[in-house]
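# Residue-level structure breakdown
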Amino acid sequence: MKPTELYPEDLVFEHQATEATGIPGNVIRQWARRGKIRRFPGDGQLTGNGHEYKTMYALPEIQERAETYRPTPQRAPKAA
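I will try to describe carefully the structure that is included in this document. Since we're looking at a predicted model, the values are computed, not measured. (Residues numbered from 1 in each chain as written. Predicted model: local features only at pLDDT ≥ 70, side-chain atom pairs only at ≥ 80, totals over all residues. Heavy atoms only, no water.)

## Regarding the overall build of the protein
Within the protein one finds three helices and three strands. Sequence-ordered secondary structure for the protein, helices as α and strands as β, is β-α-α-β-β-α. Compactness check: the protein gives a C-alpha radius of gyration of 15 Å against a globular reference of 12 Å for 80 residues, more than 25% above the reference. Considering only C-alpha atoms, the protein reaches an extent of 50 × 35 × 20 Å along its principal axes. By the burial criterion, 26% of the 80 residues in the protein qualify as buried. (Helix = DSSP H or I, 4+ residues; strand = E, 2+ residues; numbered from the N terminus. Rg over C-alpha atoms; globule rule 2.2 N^0.38 Å. Buried < 20%, exposed > 50% of the residue type's maximum accessible area, 1.4 Å probe, protein only.)

Here's what the structure looks like:
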């Protein structure tokens, strides 16, 4: 997907993408780090706890990758 194909309403923050797709936020950030999806600068919207949202992601790109996403099962905690 090219950036010229995106509309302003397609750009969402991480928590909004998680609500829309069910993909955990750390997975979305990992995809962006690896270059599988693109990051865009945020609009400075405040979170309510003294910080601001700084990164936006394209929801259509996340939805595309979400179709093939399979969560990896985590290890059970070891008994002490």
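Structure's up, so let's keep going.
## Overview of the packing of aromatic side chains
Tallying each qualifying case throughout the model produces one aromatic pair. Arranged with centres 6.0 Å apart and planes meeting at 80°, the rings of W31 and Y69 form a pair that is edge-to-face. You can see W31 sitting in helix α2 (residues 25–33) and its partner Y69 sitting in the segment after α3 (59–66), a full 38 residues away along the chain. Of the residues examined, W31 reaches a relative accessible area of 9% and is grouped as buried. (Phe/Tyr/Trp six-rings, centres within 6.5 Å; stacked < 30°, edge-to-face > 60°.)

## Looking at the side chain of D10
Structurally, the position occupied by D10 is in the segment before β1 (11–13). One buried charged side chain, D10, makes no salt bridge at all; its nearest oppositely charged neighbour is R38, positioned 10 Å away. What D10 contacts, discounting residues up to four positions off in sequence, is E5, Y57, A58, L59 and P60. (Lys, Arg positive; Asp, Glu negative; His and termini not counted. Salt bridge = Lys/Arg side-chain N within 4 Å of Asp/Glu carboxyl O. Contact = heavy atoms within 4.5 Å.)

## Here's the deal with the sheet that holds strand β2 (residues 39–41)
The strands that make up a sheet are held in pairs by hydrogen bonds between backbone atoms, and each pair lies either parallel or antiparallel. Across the sheet, which stays open at both edges, the three strands sit in the order β1-β3-β2 with antiparallel pairing between neighbours. The open sheet has two edge strands with one neighbour each: β1 and β2. Direction aside, neighbouring strands of the sheet carry axes that sit 45° apart on average. Where β1 and strand β3 (residues 55–58) come together, three bridges link them in antiparallel fashion. Looking at β3, one finds that F13 is bridged to M56. Contacting β1 and β3, helix α1 (residues 14–21) runs over the sheet at an angle of about 100° to β1. (Pairing = 2+ DSSP bridges. Axes fitted to C-alpha atoms, helices over the stretch in contact; angles between N-to-C directions.)

Shape descriptors only; they carry no functional weight alone.
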